Amino acid sequence: MELRQLRAVLFDMDGTLVTSDASVERAWTTWAAEYGVDPVEVLSQAHGAPAESTADRMLPHLDRAGRSAAAARQMELQYDDLSDVVAAPGAFEVLAVLERLGLPWAVVTSADHQLAKARLGAAGIEPPLLVTIEDISRGKPDPEGYLRAAELLGVDARSCLVVEDAEVGLAAGRAAGALTAALKGLDGDLRLHNLHDLAELLNRTGE
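In this report, the structure presented in the accompanying data block is examined. (Residues numbered from 1 in each chain as written. Predicted model: local features only at pLDDT ≥ 70, side-chain atom pairs only at ≥ 80, totals over all residues. Heavy atoms only, no water.)

1. Quick notes on empty space enclosed by the protein
Then step 1. With the rule as written, the count across this model stands at two cavities of 30 Å³ or more.
Then step 2. In this structure, the largest cavity encloses a volume near 190 Å³.
Then step 3. If you go around the largest cavity, you meet 18 residues; those closest to its centre are D14, G48, A49, S110 and A111.
Then step 4. Among the secondary structure elements, those contributing two or more residues to the lining of the largest cavity are α1 (21-35), α4 (64-79) and α6 (113-123).
Then step 5. Per element, the largest residue contribution to the lining of the largest cavity is three residues, and it comes from α4. (1 Å grid on protein atoms, 1.4 Å probe; cavity = no way out; pocket = protein on both sides within 12 Å on 5 of 7 lines; lining within 4 Å. Points joined across faces, edges and corners; volume = space filled by probe spheres on them. Helix = DSSP H or I, 4+ residues; strand = E, 2+ residues; numbered from the N terminus.)

Right, dumping it as C-alpha cells:
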C-alpha cells in the first residue's frame, strides 16, 4: 500500500503521540521495588504492553487474583504522575496535516481509559476515537485493538497506517494487516525520527 491510499492513521499513545516515558519508567521502577523484581527486566518487557501481561510474566508465582492486584497497583502508580507528560514533538503538526487531508485518526493504547484520558488531557490532545485496553479482550501484540479502531472508523485495517514506538505495537499493527511507521530506531514499513517526519511525508502525499 502507498501513502496515497491511506484511509486512516492509528496512533499508539505513550512514547508515540504523548511523551510519557519518564512517567512510565518511574511507575514501573517503583512497582518493581514493591514486588521484589528486577526493574531492568521489568522495563525491558513493560513498554507498550498491557500491565496485566507484564504482571503475569514477572510474577508467575502469584495466583490470578494476586497478579490482577499487582496490575491494578501498577496503574495506580501512573494515574497521578503527569508532571512531565506533554505532546510528542511533531504531534500537533501531524494532526493538523490529517485534518487538512480529511484523514480520520484514532489512538489505540494499552493503558486503561482513566490513564489514557489523563495523559492525553495533560498533552492537550483530544482524539476523535480512543480504544483502550478496556475496550478489547486481548492487548498488544494481538491486533484486536487496531482492528477495532479501524472498524469503528469504518475503514479496512489494511488501508490504515499504525504509528508505534514499541515492538509489541508494531507486531499488532502488522498482524492487523496495516502499514506500520516505527519510531525510536525500530523497524517498520516507514522509519521515523519523530512525528515531524510523518507530517512531512503526509504533506507531500497530499500535494
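What follows continues from the structure just given.
2. With respect to the pairing of strand β6 (residues 160-164)
Then step 1. Counting buried positions over the five residues of β6 gives five, a clear majority of the element.
Then step 2. With burial as the criterion, each face of β6 is covered, one bearing C160, V162 and E164 and the other bearing L161 and V163.
Then step 3. Across four bridges, strand β1 (residues 8-11) lies against β6 in parallel orientation. Bridging across to β6, L10 finds its partner in V162.
Then step 4. Bridge analysis of β6 against strand β7 (residues 179-182) gives four bridges, and the strand direction is parallel. Its bridge partner being in β7, L161 is matched across the sheet by L179.
Then step 5. The handedness of the β6 to β7 crossover, carried by helix α8 (residues 167-175), is right-handed. (Buried < 20%, exposed > 50% of the residue type's maximum accessible area, 1.4 Å probe, protein only. Pairing = 2+ DSSP bridges. Right-handed = clockwise from strand over helix to strand, strands pointing away.)

3. Digging into the packing of helix α2 (residues 39-46) against helix α3 (residues 51-58)
Then step 1. Interaxial distance between α2 and α3 falls to 10 Å at its minimum, and their mutual angle equals 140 degrees. Our classification of the angle between α2 and α3 gives oblique. Between α2 and α3 lies a crossing of right-handed hand. Residues E41, V42, Q45 and A46 of α2 lie in contact with α3, whose contacting residues are T54, R57 and M58.
Then step 2. Grouping the constituent residues of the contact of α2 with α3 by class yields three nonpolar, two polar and two charged. (Axes fitted to C-alpha atoms, helices over the stretch in contact; angles between N-to-C directions. Parallel < 35°, antiparallel > 145°, perpendicular 65-115°, else oblique. Left-handed = near helix turned anticlockwise from the far one by under 90°. Contact = heavy atoms within 4.5 Å. Nonpolar A, V, L, I, M, F, W, Y, C, P; charged D, E, K, R; others polar.)

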